[in-house]
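# Structural features, examined
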Amino acid sequence: QLVADVGADIDELVQAWLEELFSDALGTSLFGPAFMVSILEVLLTTGSLDRGTATHPPLAARLQCIGRTLQHIGFRSENFPQNLRQRFETVMADANTVLTTTNAVSSSGERLDALVRTLVLGHLDEVVVAAVEHARSS
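Keep in mind that this is a model prediction, so the values were computed, not measured.

## Examining the overall build of the chain
- Within the chain, the regular secondary structure consists of six helices and zero strands.
- Its C-alpha radius of gyration of 15 Å places the chain within 12% of the 14 Å reference for a compact globule of 138 residues.
- Overall, the C-alpha framework of the chain stretches about 55 × 35 × 20 Å when taken along its three principal axes.
- Evaluated residue by residue, the chain yields a buried proportion of 40% over its 138 residues.
- Contacts in the chain between residues far apart in sequence, at least 24 positions, make up 75% of those at least 6 positions apart.
- Each charge class in the chain can be summarised by its mean position, and for the 9 positive and 17 negative side chains these summaries are 8 Å apart.

## Section: the nonpolar core
- Counting residues in each nonpolar core, the largest one holds 39 residues, and the members touching the most others are Met-36, Ile-39, Leu-63 and Val-116.
- Those elements that provide at least two residues to this core are α1 (2-31), α2 (33-43), α3 (59-72), α4 (82-100), α5 (108-121) and α6 (124-137).
- In terms of residue count, α1 provides more of this core than any other element does, eight residues in total.
- Apart from residues no more than four positions distant in its own chain, Val-116 is found in contact with Ile-10, Leu-13, Val-14 and Trp-17.

## Looking at the packing of α3 against α4
- Running from N to C, α3 and α4 point in directions that differ by 125 degrees, and their axes come no closer than 9 Å. Accordingly, the angle class assigned to the pair α3 and α4 is oblique. α4 is crossed by α3, and the crossing has left-handed handedness. Within the contact between the two elements, α3 uses Ala-60, Ala-61, Leu-63, Gln-64, Gly-67 and Leu-70 and α4 uses Phe-88, Val-91, Met-92, Ala-95, Asn-96, Val-98 and Leu-99.
- For the contact of α3 with α4, the per-class residue count stands at ten nonpolar, three polar and no charged.

## Considering the packing of aromatic side chains
- Taken as a whole and judged by the stated rule, the model has one aromatic pair.
- Between Phe-80 and Phe-88 the ring centres are 5.5 Å apart and the planes differ by 85 degrees, which places this aromatic pair in the edge-to-face class.
- With relative accessibility at 10%, the residue Phe-88 sits in the buried group.

## Description of the side chain of Glu-20
- Among the secondary structure elements, Glu-20 is positioned in helix α1.
- Taking the relative accessible area as the measure of exposure, Glu-20 reaches 18% and is therefore buried.
- For Glu-20, the residues in contact, after removing those within four places along its chain, are Thr-55, His-56, Pro-57 and Arg-62.

## Observations regarding the pattern of salt bridges
- The tally for this structure, following the rule as stated, stands at four salt bridges.
- Put simply, Asp-24 and Arg-62 hold a salt bridge, and the shortest N to O gap is 2.6 Å. Taken together, the residues Asp-24 in helix α1 and Arg-62 in helix α3 connect sequence positions 38 residues apart.
- Here Arg-62 falls in the buried class, since its relative accessible area comes to 9%.
- Among the salt bridges present, the one from Arg-87 reaches Glu-41, with a minimum N-O distance of 2.5 Å. Of this pair, Arg-87 sits in helix α4 while Glu-41 sits in helix α2, placing them 46 residues apart in sequence.
- For Glu-41, a relative accessible area of 46% puts it in the partly exposed group.
- If you follow the salt bridges from partner to partner, you end up with Glu-20, Asp-24 and Arg-62 in one network.

Calculation criteria
Residues numbered from 1 in each chain as written. Predicted model: local features only at pLDDT ≥ 70, side-chain atom pairs only at ≥ 80, totals over all residues. Heavy atoms only, no water. Helix = DSSP H or I, 4+ residues; strand = E, 2+ residues; numbered from the N terminus. Rg over C-alpha atoms; globule rule 2.2 N^0.38 Å. Buried < 20%, exposed > 50% of the residue type's maximum accessible area, 1.4 Å probe, protein only. Contact = heavy atoms within 4.5 Å. Lys, Arg positive; Asp, Glu negative; His and termini not counted. Charge placed at Lys NZ, Arg CZ, Asp CG, Glu CD. Core = buried A, V, L, I, M, F, W, Y, C linked by side-chain atoms within 4.5 Å. Axes fitted to C-alpha atoms, helices over the stretch in contact; angles between N-to-C directions. Parallel < 35°, antiparallel > 145°, perpendicular 65-115°, else oblique. Left-handed = near helix turned anticlockwise from the far one by under 90°. Nonpolar A, V, L, I, M, F, W, Y, C, P; charged D, E, K, R; others polar. Phe/Tyr/Trp six-rings, centres within 6.5 Å; stacked < 30°, edge-to-face > 60°. Salt bridge = Lys/Arg side-chain N within 4 Å of Asp/Glu carboxyl O.

Take it as geometry only, folks, not as evidence of what the structure does.
Following this line, the structure appears as structure tokens:
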């Protein structure tokens, strides 16, 4: 029963996080840098980059998803106005640092989050491609 419960917890987290990342990629596909700016204005003020919840992946993962989506649809940071380019490049570097830094995990909840983060980020490019294709077909 314990294994089934842990598996169900993993499934729920992965599904919720993938849905949220898909939504971010879709929003970015439809609205481009404007979506990114809205995320920067709203979510960067709400907490740390590395904290996820049961329904939302860490902000660093969401920002990485948005950055990859912008790249996929052809937006390059060098084409942004100077102040936006600096902000974008700084936040992307910060997000990458958060996602590549290995923190010591002590609780079972932290281990679960770390596992789900690894699973979800391993499929981030697939999420981006699916969202971009969905936006183009709509």
